[in-house]
Amino acid sequence: MKALKTAVCAAALVGASAFSALADGHSSTTLRIQTHYAPETVSGQLAQQYFDDVMEMSNGEITIEAFFSSSVVKSVETFDAAATGILDCDMTGGGYQTGKNSAFQFVGDIMGGYDTPYQQLSWLYFGGGREAAAPLYNKYGMELIGWWVYGQESFASSKPIATVEDFKDWKFRSPPGMQTIIFEKLGASPIVMDFTEIFTALETGIIDGADASGLANNVGLGLYDIVGHANFPGFHSMPSDHLACNKAVFDAMPAHHQKIMKVAMEALALRTALTFEKANAEAAAKLREQGVTLSQWAPEELQKFRDAAQSAWGEFADTPEAKALVESHLAYLGQLGLVSN
């Protein structure tokens, strides 16, 4: 209880200190934001553009101190660091917080659900997603600003991953959450580790492969300099990276600063989806030239994974917030014709 009170007090102090007034009377907001992406990856570059856009559109009233590659705290700790005032905002993803509440899985990575980032974004902005997710974030002292979705992920592997059978005894890096349940059922051996540990784990043979990111980001991380197999197009995972800010900080910001943050996130979301359509295709062509094997899954194999993933939704949704989010997703997926009602 004492620790909780300390955290709440810290958040309140951060909210007060993040907002001030400039000498000319205009509002001033200073934000410390951490992302798990390295600055040289495509997503890292897009994050930097978001920071630049916000500062420029605010005419310098908003200042952002950016931290890349989880340089302040580990990726999984970023959310709590923002909630308690060590940082102001978390630019990782809800999937890292599934240990806190399983509902974060269904704002982080539903898996086996939407086919494209545009469908997933449309649930958030027009399918009731933002309204369904807001109470979850607020419960932990955070405010969901928006999403950026780069599309389906691809594996990096030291052996071919072309069918469900190939998952048997495959030891790979997995983010926390529902994914471990799904892949264990399919015969794989998921190992949860931080995003920043993937390269070394692959290099030293601790893991055979990794579920890290989209193909272009994996290239930026140098994963295919170590292993020679990938799958493309991806299918298994389409994480929604979020920007979530300390609620006390965000509530203390002037309304026009809040609006700039949110509208800039919508621009980032579209820019990200479009950028990765091109970047992933270019990465695929480059990798083929370098001799990396890219496997495209057959429809019947894709359906095996989709069935396994969707069967895990109800099993993993063990809190009221998680059940509400699953119901919201299913209703919208039904409208899109992606599941049978």
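A brief look at the structure comes next. (Residues numbered from 1 in each chain as written. Predicted model: local features only at pLDDT ≥ 70, side-chain atom pairs only at ≥ 80, totals over all residues. Heavy atoms only, no water.)

With that settled, consider the packing of helix α5 (residues 117-126) against helix α13 (residues 320-336). It is the contact of α5 with α13, at a shortest axis distance of 11 Å, that shows an interaxial angle of 125 degrees. With respect to α13, the axis of α5 lies oblique. The two elements α5 and α13 meet at a crossing, and its hand is right-handed. Contacts from Gln119, Ser122 and Trp123 in α5 reach Leu325, Ser328, His329, Tyr332 and Leu336 in α13. Here the residues of the contact of α5 with α13 are counted per class, giving 4 nonpolar, 4 polar and no charged. (Axes fitted to C-alpha atoms, helices over the stretch in contact; angles between N-to-C directions. Helix = DSSP H or I, 4+ residues; strand = E, 2+ residues; numbered from the N terminus. Parallel < 35°, antiparallel > 145°, perpendicular 65-115°, else oblique. Left-handed = near helix turned anticlockwise from the far one by under 90°. Contact = heavy atoms within 4.5 Å. Nonpolar A, V, L, I, M, F, W, Y, C, P; charged D, E, K, R; others polar.)

Glancing now at helix α6 (residues 129-139). Here α6 has its buried residues at Gly129, Ala133, Leu136 and Tyr137. For α6, the buried positions fall inside an angular range of 95 degrees around the axis, keeping them on one side. Of the residues in α6, the exposed ones pointing more than 90 degrees away from the buried face are Glu131 and Lys139. Buried residues belonging to α6 abut α3 (78-83), α4 (105-108), α5, β5 (142-148), β11 (241-246) and α13. Directly after α6, the chain includes Gly141, whose backbone phi takes a positive value near 75 degrees. (Buried < 20%, exposed > 50% of the residue type's maximum accessible area, 1.4 Å probe, protein only. Arc of directions from axis to C-beta.)

As a further point, take the pattern of salt bridges. Inspection of the entire model under this criterion finds 10 salt bridges. Two residues, Asp53 and Arg271, come together in a salt bridge whose shortest N-O distance is 3.2 Å. Of this pair, Asp53 sits in helix α2 (residues 42-57) while Arg271 sits in helix α11 (residues 255-289), and the two are 218 residues apart along the sequence. Connected through shared salt-bridge partners, Glu143, Lys247 and Asp251 make up one network. (Salt bridge = Lys/Arg side-chain N within 4 Å of Asp/Glu carboxyl O.)

With an omega of -5 degrees, the peptide bond between Phe232 and Pro233 qualifies as cis. If you trace the backbone, Pro233 turns up in the loop between β10 (229-231) and β11. At Ser70, a residue that is not glycine, the phi angle is positive and equals roughly 50 degrees. For Asp169, which is not glycine, the phi torsion reads 60 degrees and is therefore positive.

This next bit is on the state of the cysteines. Taken as a whole and assessed by the stated rule, the structure comprises 1 disulfide. For Cys89, the disulfide goes to Cys245, at an S-S distance of 2.1 Å. Because the torsion about its S-S bond is 100 degrees, the bridge between Cys89 and Cys245 counts as right-handed. Of this pair, Cys89 sits in strand β4 (residues 89-91) while Cys245 sits in strand β11, and the two are 156 residues apart along the sequence. Judged by relative accessible area, Cys89 falls into the buried class, the value being 0%. A relative accessible area of 1% means that Cys245 is categorised as buried. (Disulfide = S-S within 2.5 Å.)

Another point: the sheet that holds strand β8 (residues 189-192). The strands making up a sheet associate through hydrogen bonds between their backbones, and the pairing can be parallel or antiparallel. In spatial order, the strands read β8-β7-β9-β6-β10-β12; together these 6 strands make up an open sheet with mixed pairing. Two strands close off the open sheet at either side, each with one partner strand: β8 and β12 (293-295). The sheet shows a mean angle of 25 degrees between the axes of neighbouring strands, direction not considered. Pairing between β10 and β12: 3 bridges, direction parallel. (Pairing = 2+ DSSP bridges.)

As a further point, take a nonpolar patch on the surface. Together, Tyr118, Leu270 and Leu274 line one region of the surface with nonpolar side chains, adding up to about 270 Å² of accessible area. By relative accessible area, which is 47% here, Leu274 ends up partly exposed. (Patch = residues over 30% accessible without salt bridge, like charges linked within 9 Å, V, L, I, M, F, W, Y side chains within 5 Å. Areas by Shrake-Rupley, 256 points an atom, 1.4 Å probe, with all protein chains shown as cover.)

Within the secondary structure layout, Asp90 lies in strand β4. The sequence separation of Asp90 and Val107 amounts to 17 residues, and the corresponding C-alpha distance is 14 Å. Setting aside anything within four residues of it in sequence, one finds Asp90 in contact with Gln34, Thr78, Phe79, Ala82, Met142, His242, Leu243 and Ala244.

Another aspect to go through is the packing of α6 against α13. Viewed as axis vectors pointing N to C, α6 and α13 meet at an angle of 160 degrees, and their least axial separation amounts to 9 Å. Comparing the axis directions of α6 and α13 gives the class roughly antiparallel. The hand of the α6/α13 crossing is left-handed. In this structure, α6 uses Ala132, Ala133, Leu136 and Lys139 to contact α13, whose residues at the interface are Glu321, Leu325 and Ser328. Considered class by class, the residues forming the contact of α6 with α13 number 4 nonpolar, 1 polar and 2 charged.

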